[in-house]
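Next come the chains, spelled out residue by residue.
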Protein chains: 2
Amino acid sequence: MRLVIATCSVTYSGRLNAHMALAKRLLMVKADGAVLIHSDGGSYKPLNWMSPPATMRVSAPDEHQAEAGIKEVWTVSATKSDDTLKILISEIHHDSSHELGTDPGLVKDGVEADLQRLLSEQIERLGDGHALIRREHPTPIGPVDILAKGPQGTVAVELKRRGDIDGVEQLSRYLELLNRDPLLAPVSGVFAAQQIKPQARTLAEDRGIRCVVLDYEEMKGVDDADSRLF
Amino acid sequence: MRLVIATCSVTYSGRLNAHMALAKRLLMVKADGAVLIHSDGGSYKPLNWMSPPATMRVSAPDEHQAEAGIKEVWTVSATKSDDTLKILISEIHHDSSHELGTDPGLVKDGVEADLQRLLSEQIERLGDGHALIRREHPTPIGPVDILAKGPQGTVAVELKRRGDIDGVEQLSRYLELLNRDPLLAPVSGVFAAQQIKPQARTLAEDRGIRCVVLDYEEMKGVDDADSRLF
DNA sequence: CTATGTATGTCGCCA
DNA sequence: TGGCGACGTACATAG
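Chain A appears in an unreviewed UniProt entry as Endonuclease NucS from Nesterenkonia massiliensis. What UniProt states about chain A under its Subcellular location (unreviewed entry) heading is, verbatim, "Cytoplasm". In UniProt, chain A has this text filed under Sequence similarities (unreviewed entry): "Belongs to the NucS endonuclease family."

What follows is the structure, encoded as structure tokens:
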């Protein structure tokens, strides 16, 4: 990995065009050819970048560029597309390279899996008289998060951390399919999420899908209380 | 901005828990307290990070940590939440700080907003005899990008840079809703994008939605020519 | 400030 | 390889 602090201007041309005026920034060049341009603020997203795999060519400025005080021109090209990043460097303040090796990576402790487990254990949150049939019920177009038996018949549950329209569409597709199965039909839908957006709620209710907002902390609390019994 | 190349292990605790084993990595500390942990591969996303505003506290290792060869412990805490990033440093290979100042920022060109403006001004690209009714026509499930009057009645346009299946789904929902309005009905659909994926085209045409591929550069050229008249 | 839609999204899974 | 869903999504903008 090469780290360069430079005064530079940058132009990106690819899926869109973007330009950055002359300023002092960090240029990070990774082993796989990726280039990241970071300023001293903002979140993890760089101001501009080139995704790997990519190759970088360093060239001298042309006459016009040299007059403008440009010392070096970096042209970064994506291998698989014609995306190009052009970095015009006026001054290099720092330049160092480092051998990092491959990273063992990140181990995550899941969230959605937890929510699904908790709702399975607390299936009565869907309403009185509900019983779990199974989690991850397979269908030809993907697994239904939770299938339950309710007072009025089978219930298919789509579970999200944040419920938006896409989730309602997903559940609608499952419902259409499940209702073709005479052993299951009629199957009604429940859209369960920690937060449901108004538009998603409107669409869901328009299609006869019930919305259930889940309180994760509360469910977690019940779970902890249950655990303490053993 | 401070740049540190260090052999370290990292633990994140917040909306989820995540852990990274001991390895050599780049630690970037920004002026606003943001911390980014990058390896020598991948795209612009760091392996782990803390979003600003945040504060970092450097402390000595406890006895147990010192035995494990840890020299320094960085505890990064988000200001607005209780998210925490804990970095255990075994060895520092490089450490430098740089004053960057505020960045003038990025100017983008060619996003959906630009396309929408250009298509509104060049509405005849939908076909002869089209007239703009309005942009961002509001509906209960969201705004329709462009509403126009065509030779056969009202036309609802969904605009994308890259036309994908979900865009067709979105337009379908709008059409269903708009066609319930007797003042507008019948409303036909046009799916307009710089690039339309084959599956999206198939789905759209199956639903009687017309597909229009837009040449942004060409539209931009016409726009520039128009501008020069004034 | 909240709500909502876009993104050069990126990333991982699975057929 | 391509489609699909999740993401500590981030981010800008409109209400």
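Here the narrative resumes, following the displayed structure.
Observations concerning the overall build of chain A
Check the secondary structure of chain A and you find five helices and 13 strands. If you line up chain A on its principal axes, its C-alpha atoms span 80 × 40 × 30 Å. Buried positions account for 45% of the 230 residues belonging to chain A. Long-range contacts, defined here as pairs at least 24 residues apart, represent 48% of the contacts in chain A between residues at least 6 apart. Of the roughly 11500 Å² of accessible surface on chain A, a fraction of 51% belongs to carbon and sulfur atoms. On chain A, the mean spot of the 27 positive side-chain charges and the mean spot of the 34 negative ones are 2 Å from each other.

Quick look at the layout of surface pockets
Space inside the second largest pocket adds up to approximately 510 Å³. Surrounding the second largest pocket, 22 residues form its lining, Tyr 12, Arg 15, Trp 49, Ser 51 and Asp 83 of chain A being those nearest its centre. At the level of secondary structure, the elements contributing two or more residues to the lining of the second largest pocket comprise β4 (48–50) of chain A together with β8 (106–109) of chain B. For the lining of the second largest pocket, the element with the highest residue contribution is β4 of chain A, accounting for three residues. Here the residues of the lining of the second largest pocket sort into 12 nonpolar, four polar and six charged.

Notes on the pattern of salt bridges
Applying the stated criterion across every chain, the model contains 20 salt bridges over all chains. Two residues, Asp 206 of chain A and Arg 180 of chain B, come together in a salt bridge whose shortest N-O distance is 3.5 Å. One end of the pair, Asp 206 of chain A, is in helix α4 (residues 198–206); the other, Arg 180 of chain B, is in the loop between α3 (165–178) and β12 (187–196), on a second chain. For Lys 220 of chain B, the salt bridge is made with Asp 109 of chain B, and the minimal N-O distance between the two is 3.5 Å. Of this pair, Lys 220 of chain B sits in helix α5 (residues 216–228) while Asp 109 of chain B sits in strand β8; the two residues are 111 residues apart in sequence, bridging distant segments of the chain. You can call Asp 109 of chain B partly exposed: its relative accessible area is 22%. Residues participating in the shared-partner salt-bridge network are Glu 169 and Arg 207 of chain A together with Arg 173 of chain B.

Looking at the sheet that holds strand β11 (residues 153–163) of chain B
Residue and element names in this part refer to chain B. In space, the five strands of this open sheet follow the order β9-β10-β11-β12-β13, with mixed pairing throughout. Looking along the sheet, the strands with just one partner apiece sit at the ends: β9 (131–137) and β13 (210–213). On average, each strand axis in the sheet is inclined to that of its neighbour by 30 degrees, with strand direction left out of account. Bridging between strand β10 (residues 144–150) and β11 involves five bridges; their strand directions are antiparallel.

Overview of the sheet that holds strand β9 (residues 131–137) of chain A
Residues and elements named next belong to chain A. With mixed pairing, the five strands of this open sheet are ordered in space as β9-β10-β11-β12-β13. The open sheet has two edge strands with one neighbour each: β9 and β13 (210–213). Sheet twist, expressed as the mean angle between neighbouring strand axes with direction ignored, is 30 degrees. Pairing geometry for strand β12 (residues 187–196) and β13, over four bridges, is parallel. Bridge pairing in β13 places Phe 191 opposite Cys 211.

With respect to the packing of aromatic side chains
Scanning the entire structure with this criterion turns up two aromatic pairs over all chains. Ring geometry for Tyr 44 of chain A versus Trp 49 of chain B: centroids 4.4 Å apart, planes at 65 degrees, classification edge-to-face. A residue pair is termed interchain when its members come from two chains, as with Tyr 44 of chain A in the loop between β3 (35–38) and β4 and Trp 49 of chain B in strand β4 (residues 48–50). A relative accessible area of 21% means that Tyr 44 of chain A is categorised as partly exposed.

Reading the values: rules and limits
Residues numbered from 1 in each chain as written. Chains lettered and ligands numbered in written order. Predicted model: local features only at pLDDT ≥ 70, side-chain atom pairs only at ≥ 80, totals over all residues. Heavy atoms only, no water. UniProt positions renumbered as here; feature names shortened; annotations may be inferred. Helix = DSSP H or I, 4+ residues; strand = E, 2+ residues; numbered from the N terminus. Buried < 20%, exposed > 50% of the residue type's maximum accessible area, 1.4 Å probe, protein only. Contact = heavy atoms within 4.5 Å. Areas by Shrake-Rupley, 256 points an atom, 1.4 Å probe, with all protein chains shown as cover. Lys, Arg positive; Asp, Glu negative; His and termini not counted. Charge placed at Lys NZ, Arg CZ, Asp CG, Glu CD. 1 Å grid on protein atoms, 1.4 Å probe; cavity = no way out; pocket = protein on both sides within 12 Å on 5 of 7 lines; lining within 4 Å. Points joined across faces, edges and corners; volume = space filled by probe spheres on them. Nonpolar A, V, L, I, M, F, W, Y, C, P; charged D, E, K, R; others polar. Salt bridge = Lys/Arg side-chain N within 4 Å of Asp/Glu carboxyl O. Pairing = 2+ DSSP bridges. Axes fitted to C-alpha atoms, helices over the stretch in contact; angles between N-to-C directions. Phe/Tyr/Trp six-rings, centres within 6.5 Å; stacked < 30°, edge-to-face > 60°.

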